[in-house]
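# A closer look at the structure
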Amino acid sequence: MTDAPGFHMTSEDFRRNGRAVVDWIADYMERVESFPVLSPVLPGEIRAKLPPDPPAHGESFDAMLADVDRLILPGITHWQSPNFFAYFPSNNSGPAILGELLSAGLGVQGMLWATSPACTELETHVLDWLVGMLGLPAKFRSDGTGGGVIQDTASSASLCALLAGRERATGFRANESGSGGKLTAYASTQAHSSIEKAVKVSGIGRENLRLVEVDETFAMRPDALARAISEDRRTGKVPCFVGATVGTTSSNAIDPVPAIGRICRDEGIWLHVDAAMSGTAALCPEFRWIQEGLDLADSYCFNPHKWMFTNFDCDAFWVADRNTLIRTLSVLPEYLRNKATESGAVFDYRDWHVPLGRRFRALKLWFVIRHYGIEGLRHHVRRHVELAQKFKAWVESSDRFELAAPVPLNLVCFRHVGGDALNEQLLEALNASGRLYLTHTTLAGRYTLRMSIGQSRTEERHVAAAWQAIQETAVEIEPTV
């Protein structure tokens with residue numbers, strides 16, 4: 001019998017092709033500024049250029065890489081462009097990319113400590129590092145009753161926190177017999193949409209989510225929260241979860257966590273604090289005021305993949321009481337039993353989130369921290385905040401534009417004084433130009449532009465050029481009198 005042909009990539013070909021990919025990425029990082037930030041393609045345009053059927057025989061890697069340039073790049077919105085000011089950033093960096101590559105090469109599935117001890121223990125250690133780096137309460141460290149885990153996104157962290165709050169409120173009966181329709185959850189009207197999705201996924205139900213009023217800074221009102229909880233208790237409901245936000249998506253509003261925390265403590269309600277974007281700012285001691293009240297929180301998360309130069313996906317999630325989280329999420333079939341787990345001496349992170357399988361995400365986070373060091377990370381955070389404050393000052397000095405919300409960190413919400421229709425037209429014209437990319441929100445019922453400054457490679461010249469483009473485009477579209 002003759003040997004079947006070898007279809008795998010040889011080691012030598014892998015080395016050659018790998019170098020080509022690294023060179024391509026390095027070239028891309030150098031030229032990303034030259035591309036239109038928002039992809040200009042029409043719906044279906046990319047797919048129409050792809051062959052209708054897959055190849056029967058393998059193709060060369062050179063052909064694949066060439067098609068990345070020909071077919072894929074035109075359909076990319078360039079999140080890594082220094083002119084990307086939309087949403088919140090989803091940053092990468094050289095060390096993060098290389099850490100991700102190494103993780104892919106190792107191919108670890110780290111569901112159990114036993115399936116790769118280094119995957120688990122590095123993650124535990126790096127999450128403990130971050131507790132100190134950010135000045136978080138010591139109760140979130142793994143050497144006490146708490147601990148941290150890397151989730152994919154803050155949405156998953158919110159879901160896990162809600163599930164833990166649900167189980168604690170029901171004495172762990174909801175996992176067995178359902179929640180019964182009496183549980184209620186609370187978040188502000190400005191909270192992330194993931195809270196709404198979480199109450200649906202958890203079985204609590206959207207009708208049992210209370211969206212709490214906000215104040216003039218778009219932060220949750222503790223008095224309104226207290227009233228909502230009191231009313232629900234009066235009608236026989238069981239409040240189980242409050243989601244507070246440090247840096248809302250729309251306006252970067254910071255909920256008053258100390259007051260919210262005292263209410264949750266007195267009422268016995270799980271308090272989760274989501275600092276997905278803004279949490280990175282706490283690397284700098286002067287910004288740690290955003291974490292006031294975290295000593296009262298049951299769980300906390302932030303996204304290194306937003307502002308800490310660690311490529312997507314990477315959410316750092318901590319709990320003060322890991323046993324409640326583990327009891328909520330643990331299922332142990334026979335095929336996962338092993339001596340290390342039964343010893344109780346290890347963490348099995350499969351019990352800390354919804355998926356069973358998990359990648360070696362800690363590796364890229366470890367690389368980023370070691371490459372930049374705390375001072376290097378602080379430098380970039382401070383610079384981005386400084387640039388945002390400059391942009392704020394430019395808006396304030398303009399007759400055409402006005403601020404729409406406070407600017408505590410690196411998001412500036414602003415609008416043209418000419419009204420909603422003109423602001424919408426302005427946004428569409430700016431994004432169509434390819435020179436920059438902004439997104440919008442609605443604040444106090446008014447169409448508002450968002451200038452999010454936090455992309456890894458953004459410098460003052462990019463922010464200044466964006467402001468120039470905004471002013472010039474406004475002049476072009478303003479109605480003549």
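I will try to describe carefully the structure that is included in this document. (Residues numbered from 1 in each chain as written. Predicted model: local features only at pLDDT ≥ 70, side-chain atom pairs only at ≥ 80, totals over all residues. Heavy atoms only, no water.)

Before going further, it helps to examine the pattern of salt bridges. Enumeration over the complete set of coordinates arrives at 32 salt bridges. One salt bridge connects Arg382 with Glu286, and the closest N-O pair in it is separated by 2.6 Å. Here Glu286 lies in the loop between strand 5 (270–274) and strand 6 (299–302) and Arg382 lies in helix 14 (residues 362–396), a separation of 96 residues in the sequence. Using a relative accessible area of 32% as the deciding quantity, one classes Arg382 as partly exposed. The partner of Glu375 in a salt bridge is Arg378, and the shortest N-O contact between them spans 2.7 Å. Pair noted here: Glu375 and Arg378 are both in helix 14, with a separation of 3 residues, about one helical turn. Under the relative-accessibility criterion, Arg378 is labelled buried at 14%. (Salt bridge = Lys/Arg side-chain N within 4 Å of Asp/Glu carboxyl O. Helix = DSSP H or I, 4+ residues; strand = E, 2+ residues; numbered from the N terminus. Buried < 20%, exposed > 50% of the residue type's maximum accessible area, 1.4 Å probe, protein only.)

In terms of nonpolar packing, the biggest core is built from 68 residues, with Leu130, Leu225, Leu271, Val273, Tyr300, Phe302 and Trp318 touching the most fellow members. Once residues within four sequence positions are removed from consideration, Leu225 is found in contact with Tyr186, Val212, Met220, Val242, Ile260 and Ile263. Of all hydrophobic cores here, the second largest spans 30 residues; its members include Val149, Val199, Trp270 and Leu325. (Core = buried A, V, L, I, M, F, W, Y, C linked by side-chain atoms within 4.5 Å. Contact = heavy atoms within 4.5 Å.)

What follows covers the layout of surface pockets. Taken as a whole, the largest pocket encloses approximately 420 Å³ of empty space. Residue lining of the largest pocket: 29 residues in total, with His192, Thr249, Ala276, Asn303 and Lys306 positioned closest to the centre. Sorting the residues of the lining of the largest pocket by element identifies helix 6 (154–169), helix 8 (193–201), strand 4 (238–245), strand 5 and helix 11 (304–307) as the ones contributing at least two each. Taken together, the residues of the lining of the largest pocket break down into 12 nonpolar, 15 polar and 2 charged. Here the second largest pocket is characterised by a volume of approximately 310 Å³. Looking at the second largest pocket, it is lined by 16 residues, and the ones nearest its centre are Gly18, Val21, Val22, Ile25 and Leu101. Elements that contribute at least two residues to the lining of the second largest pocket include exactly helix 1 (11–31) and helix 4 (94–106). The element contributing the most residues to the lining of the second largest pocket is helix 1, with 10 residues. (1 Å grid on protein atoms, 1.4 Å probe; cavity = no way out; pocket = protein on both sides within 12 Å on 5 of 7 lines; lining within 4 Å. Points joined across faces, edges and corners; volume = space filled by probe spheres on them. Nonpolar A, V, L, I, M, F, W, Y, C, P; charged D, E, K, R; others polar.)

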